[in-house]
Amino acid sequence: MRKDVRILLVGEPKVGKTSLIMSLVSEEFPQVVPYRAEEITIPADVTPERVPTHIVDYSEAEQTDEQLSSEISKANVICIVYAVNNKKSIEKVTSHWIPLINDNTDKDSRVPVILVGNKSDLVEHSSMETILPVMNQYTEIETCVECSAKNLKNISELFYYAQKAVLHPTGPLYCPEEKQMKPACIKALTRIFKVSDLDNDGILNDNELNFFQRTCFNAPLVSQALEDVKNVVRKNVIDGVCDNGLTLKGFLFLHTLFIQRGRHETTWTVLRRFGYDDDLELHQDYLFPLTLKVPPDCTTELNHNAYLFLQSVFDKHDKDRDCALSPEELKDLFDVFPYMPWGPDVNNTVCTNDEGWITYQGYLSQWTLTTYLDVQRCLEYLGYLGYSIISEQESQAVAITVTRDKKIDLQKKQTQRSVFRCNVFGDSGSGKSGFLQAFLGRNLTRQNTVSEEHMSYYAISTAYVYGQEKYLLLHEVFPDFDVLSDTDLACDIVCLVYDASNPHSFEYCARVFKQYFMDTKTPCMMIAAKSDLQEAKQLYALTPLEFCRKHKMPPPQAFTCNTADAPCKDIYTKLTTMAMHPHARLRCMCTCNRCTFCHLQNFINSELVQTVKAKLYTAILSRHVTQADLKSSTFWLRVSAGATVFAVLGFAMYRVLLKQR
């Protein structure tokens, strides 16, 4: 909505321009009329549309042609005043004033014009018969009002119509020559219909119509009014009503009827509620709310309500209920967008079914990825889907959660984040792309069917850590060692991939780690890719295992995507766990039965320890404890001694095993 309205009154001398302004202000006819009234401003709280209004007078005696041209260019609406008892002033409307206005305004954005027939108190006839052909000839003329400054007839109405011509213009909505709505208006209303069609059946049922009415006008339609609307559509449009609901055809007819009957404000109220500006484009403030601020070292995620909304959108368009979106269903989903937001690379970024269609999990993963990488783009997309309207929120910014600073997570040794980024480094040909695609459940055979131009440098899916569903975002970093950006280095965990069959592959990983990550707190994991091939000795000073031990990293994890079925996903769970608990500095996450971690696990689960534990439990905890025991120092001495012995034995065993390793 405009912040203010500027009305300019022009016309021949002595037609009553100044008298109209003074009669409006003083509510009485002035006895003494100056050549020109000073510019006045009507406050917003006394205007019907609640918008400040500036009224500007023009006097040929006091102003030059240059000043007139300047005022015309600044005006939002121009009232051409003529005297109904003066034929010459009527003729001047078409011979002088309209051409002058058109010469001083842009052809693509004509200023609306109101014809004002003043001095109606001096004649008994109307000038409308003379004016109607003029209105039909010039599309920029919004309406004509006959009034009298002396009798105060239609004075308030005149300025109301002028204000309305600016706030609810006909031009962008309707073409009088063709007597139908313009394409831009039809396109906008079609999007509004699709957003309001909550079950995507092509019909607005009573519940959807009431929700639409309540959303736009803050009041539901009573049952009889709803039936009256449908009856009007039934009488005028074939297929306007179907299954007792309003079709798109009927919806568009209703708005055409509103416009033809001069109720432009109804259509404009709907358009503006759904985010459209005066040019029928979605407003930037609607698409990109200014309320969202993301501090450094914080990330952005969708909250629970946003996921519920996106789930409803998915269900709305998954017509065959196969938990995947076919190309036709995906196109239908994005029909409310001005462009197709997802390209072919998305199918190689998220999980798909055997036909290559994006699954429900993949659909949510892509939204999660967009929110994490480009939250403004996510807000734009949610705006197109009508999130703030359907969810009845102030803006789509409420769908976003800004996580706390990662430094605080490290200090508190816990995190509430649900999306973790893993940057994947490795030399050319090391198997990085295969590692990303394997996360999406694709083995080598299926990966070979992917077109090179449609490959993605991202892969995102879910992993379960201690029963909690988390998103792991893998990003393949281009192997240019000397130009790594801050984005390449900013992540929750680093994955260093080398080709186990290539003797020169490990050196790149070692160099990246030593130069960029050795002195950071970012956890790192080494991946020995292509483990199905013959392992080659790496031409480096240390073996990969020795390198990991030296730098207190987990041992290299063997990995291959050359499997008959979907590759094993255990490695991705380990990565997510390390990203969630970077403070733990876990040195082992395997079941190799060779490392210290595995030895300790086996020791704790051994028959000896279990027997000792059982005997201690029986001797100390399971026996009947009397009140005398609780007061006896001997009892508590035995408890303390047993616990101490158990702790000392465990610590001693740990030191022995660690020394052996």
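For the structure itself, look to the data block above.
Scope of this entry: the structure provided in the associated data block. Because the structure is predicted, anything quoted here is derived from the model rather than measured. (Residues numbered from 1 in each chain as written. Predicted model: local features only at pLDDT ≥ 70, side-chain atom pairs only at ≥ 80, totals over all residues. Heavy atoms only, no water.)

Section: the overall build of the chain
Reasoning step 1: Of regular secondary structure, the chain possesses 27 helices and 21 strands.
Reasoning step 2: Pairs at least 24 apart in sequence give 69% of the contacts found in the chain among residues at least 6 apart.
Reasoning step 3: Counting every atom, the chain has about 34200 Å² of accessible surface; 52% of that belongs to carbon and sulfur. (Helix = DSSP H or I, 4+ residues; strand = E, 2+ residues; numbered from the N terminus. Contact = heavy atoms within 4.5 Å. Areas by Shrake-Rupley, 256 points an atom, 1.4 Å probe, with all protein chains shown as cover.)

Details of the packing of helix H7 (residues 206-217) against helix H10 (residues 264-273)
Reasoning step 1: Orientation of H7 relative to H10, taken along the N-to-C sense of each, is 90°, at an axis distance of 9 Å. As far as their axial angle goes, H10 and H7 are roughly perpendicular. Counted together, Phe-212, Thr-215, Cys-216 and Phe-217 of H7 and Thr-266, Thr-269, Val-270 and Arg-273 of H10 form the full contact between these two elements.
Reasoning step 2: Residues that form the contact of H7 with H10 fall into these classes: 4 nonpolar, 3 polar and 1 charged. (Axes fitted to C-alpha atoms, helices over the stretch in contact; angles between N-to-C directions. Parallel < 35°, antiparallel > 145°, perpendicular 65-115°, else oblique. Nonpolar A, V, L, I, M, F, W, Y, C, P; charged D, E, K, R; others polar.)

With respect to the sheet that holds strand S10 (residues 241-242)
Reasoning step 1: Pairing within the open sheet is antiparallel, and its 3 strands lie in the order S9-S11-S10. At either end of the open sheet lies a strand with only one pairing partner, and these are strand S9 (203-204) and S10.
Reasoning step 2: Here 2 bridges tie S10 to strand S11 (residues 245-247), and the two strands are oriented antiparallel to one another. Bridging across to S11, Val-241 finds its partner in Leu-246.
Reasoning step 3: Those strands touched by helix H9 (residues 248-260) are S9 and S11, and its axis lies near 80° from that of S11. (Pairing = 2+ DSSP bridges.)

Notes on the sheet that holds strand S16 (residues 419-425)
Reasoning step 1: Spatial ordering of the open sheet is given by S17-S18-S16-S19-S20-S21, a layout of 6 strands whose pairing is mixed. Lying at the two open borders of the sheet, with one neighbouring strand each, are strand S17 (458-465) and strand S21 (557-558).
Reasoning step 2: In the sheet, S17 pairs with strand S18 (residues 468-476) via 8 bridges, with the strands oriented antiparallel. By the bridge assignment for S18, Thr-462 is matched with Tyr-471.
Reasoning step 3: Sheet contacts for helix H18 (residues 432-439): S16, S17, S18, strand S19 (493-499) and strand S20 (524-529); angle to S18, the most-contacted strand, approximately 155°.

Structural notes on the packing of H18 against helix H23 (residues 570-580)
Reasoning step 1: Taken N-terminus to C-terminus, the directions of H18 and H23 make an angle of 95°; their axes are 10 Å apart at the nearest point. On the basis of their axis angle, the class for H18 and H23 is roughly perpendicular. When H18 is examined against H23, the residues Phe-435, Ala-438 and Phe-439 are found in contact with a partner set consisting of Ile-571, Tyr-572 and Leu-575.

Side note on the environment of Gln-538
Reasoning step 1: Tracing the chain through its elements places Gln-538 in the loop between S20 and helix H22 (544-550).
Reasoning step 2: According to the relative accessible area criterion, Gln-538 is buried, its value standing at 8%.
Reasoning step 3: Separated by 35 residues in sequence, Gln-538 and Pro-503 have C-alpha atoms that sit 4.1 Å apart.
Reasoning step 4: A polar contact of 3.5 Å, which involves the side chain of Gln-538, links it to the backbone oxygen of Asp-499. (Buried < 20%, exposed > 50% of the residue type's maximum accessible area, 1.4 Å probe, protein only. Polar contact = N/O pair within 3.5 Å; in protein donor to acceptor, adjacent residues only side chain to side chain.)

Focus: the environment of Ile-80
Reasoning step 1: Tracing the chain through its elements places Ile-80 in strand S4 (residues 77-83).
Reasoning step 2: Relative accessible area serves as the criterion here: at 0%, Ile-80 is assigned to the buried category.
Reasoning step 3: Here the alpha-carbon distance between Ile-80 and Cys-144, two residues 64 residues apart in the chain, equals 9.6 Å.
Reasoning step 4: Ignoring anything within four residues of it in the chain, the contact list for Ile-80 reads Val-10, Val-93, Trp-97, Ile-98, Ile-101, Val-113, Ile-114, Leu-115 and Val-116.

Considerations on helix H14 (residues 360-373)
Reasoning step 1: Between its first and last C-alpha atoms H14 spans 20 Å; for 14 residues at 1.5 Å apiece the expected length is 20 Å, and the two agree.
Reasoning step 2: Those residues of H14 not exposed but buried are Gly-362, Tyr-363, Leu-364, Ser-365, Gln-366, Trp-367, Thr-368, Leu-369, Thr-370, Thr-371 and Tyr-372. (Expected span 1.5 Å × (residues − 1).)

Focus on the pairing of strand S3 (residues 53-56)
Reasoning step 1: On S3, burial covers both faces: Thr-53 and Ile-55 on one face and His-54 and Val-56 on the other are all buried.
Reasoning step 2: Relative to S3, strand S1 (residues 5-11) is paired through 4 bridges, and the arrangement is parallel. Paired with Val-5 across the two strands is Thr-53, which belongs to S3.
Reasoning step 3: Here strand S2 (residues 40-42) pairs with S3 via 3 bridges, running antiparallel.

Remarks on the packing of aromatic side chains
Reasoning step 1: This model, assessed by the stated rule, comprises 27 aromatic pairs.
Reasoning step 2: Summarising the aromatic geometry, the rings of Phe-425 and Phe-517 are spaced 5.4 Å apart at their centres and angled 65° between planes, so their arrangement reads as edge-to-face. Of the two residues, Phe-425 is situated in strand S16 and Phe-517 in helix H21 (residues 505-517); the sequence distance between them amounts to 92 residues. Here the two residues Phe-425 and Phe-517 agree in accessibility, since each one is buried.
Reasoning step 3: Within the aromatic cluster, the residues linked to one another by ring pairs are Phe-314, Phe-334, Phe-337, Tyr-339, Trp-342, Tyr-360, Tyr-363, Trp-367, Tyr-381 and Tyr-384. (Phe/Tyr/Trp six-rings, centres within 6.5 Å; stacked < 30°, edge-to-face > 60°.)

Quick look at the nonpolar core
Reasoning step 1: Formed by 73 residues in total, the largest nonpolar core has its most connected members in Tyr-363 and Trp-367.
Reasoning step 2: In this structure Tyr-363 touches Leu-310, Val-313, Phe-314, Leu-325, Leu-333, Trp-342 and Ile-358, once residues within four positions along its chain are discounted. (Core = buried A, V, L, I, M, F, W, Y, C linked by side-chain atoms within 4.5 Å.)

Description of helix H1 (residues 17-26)
Reasoning step 1: Counted residue by residue, H1 has 7 buried out of 10 residues, so it is predominantly covered.
Reasoning step 2: For H1, the secondary structure elements touched by its buried residues are S1, S2, S3, S4, strand S5 (113-118) and helix H5 (155-167).
Reasoning step 3: Positive phi appears at Glu-27, one or two residues downstream of H1, with a value of about 60°.

Considering the pattern of salt bridges
Reasoning step 1: Inspection of the entire model under this criterion finds 16 salt bridges.
Reasoning step 2: Note that Asp-332 is salt-bridged to Lys-319, the shortest N-O span being 3.9 Å. Taken as a pair, Asp-332 in helix H13 (residues 327-333) and Lys-319 in the loop between helix H12 (304-317) and strand S13 (324-325) lie far apart in primary sequence, 13 residues in all.
Reasoning step 3: Take Asp-332: its relative accessible area is 22%, and that puts it in the partly exposed class.
Reasoning step 4: The salt bridge involving Lys-406 is made with Asp-492; its shortest N-O contact spans 3.3 Å. (Salt bridge = Lys/Arg side-chain N within 4 Å of Asp/Glu carboxyl O.)

As for the side chain of Ser-127
Reasoning step 1: By the element assignment, Ser-127 lies in the loop between S5 and helix H4 (128-137).
Reasoning step 2: On the accessibility criterion, Ser-127 (4% relative accessible area) is buried.
Reasoning step 3: One polar contact links Ser-127 to Glu-146, side chain to side chain, over a distance of 2.5 Å.

Points about unusual backbone geometry
With the exception of glycine, the majority of residues adopt a negative phi angle, and the majority of peptide bonds are in the trans configuration.
Reasoning step 1: Not every positive phi belongs to a glycine, and Lys-119 is a case in point at roughly 65°.
Reasoning step 2: Note that Lys-119 resides in the loop between S5 and H4.
Reasoning step 3: A positive phi angle is found at Glu-392, which is not glycine, with a value near 55°.
Reasoning step 4: Among the secondary structure elements, Glu-392 is positioned in the loop between helix H16 (387-390) and strand S15 (400-402).

A closer look at the pairing of S18
Reasoning step 1: Buried residues dominate S18, accounting for 7 of its 9 residues.
Reasoning step 2: Relative to S18, S16 runs parallel, the two being bridged by 6 bridges. In the sheet register, Cys-422 faces S18, and the bridge partner there is Leu-474.
Reasoning step 3: A loop of 2 residues connects S17 with S18, the two strands running antiparallel in sequence, and Tyr-466 in this loop sits at a positive phi of about 50°.

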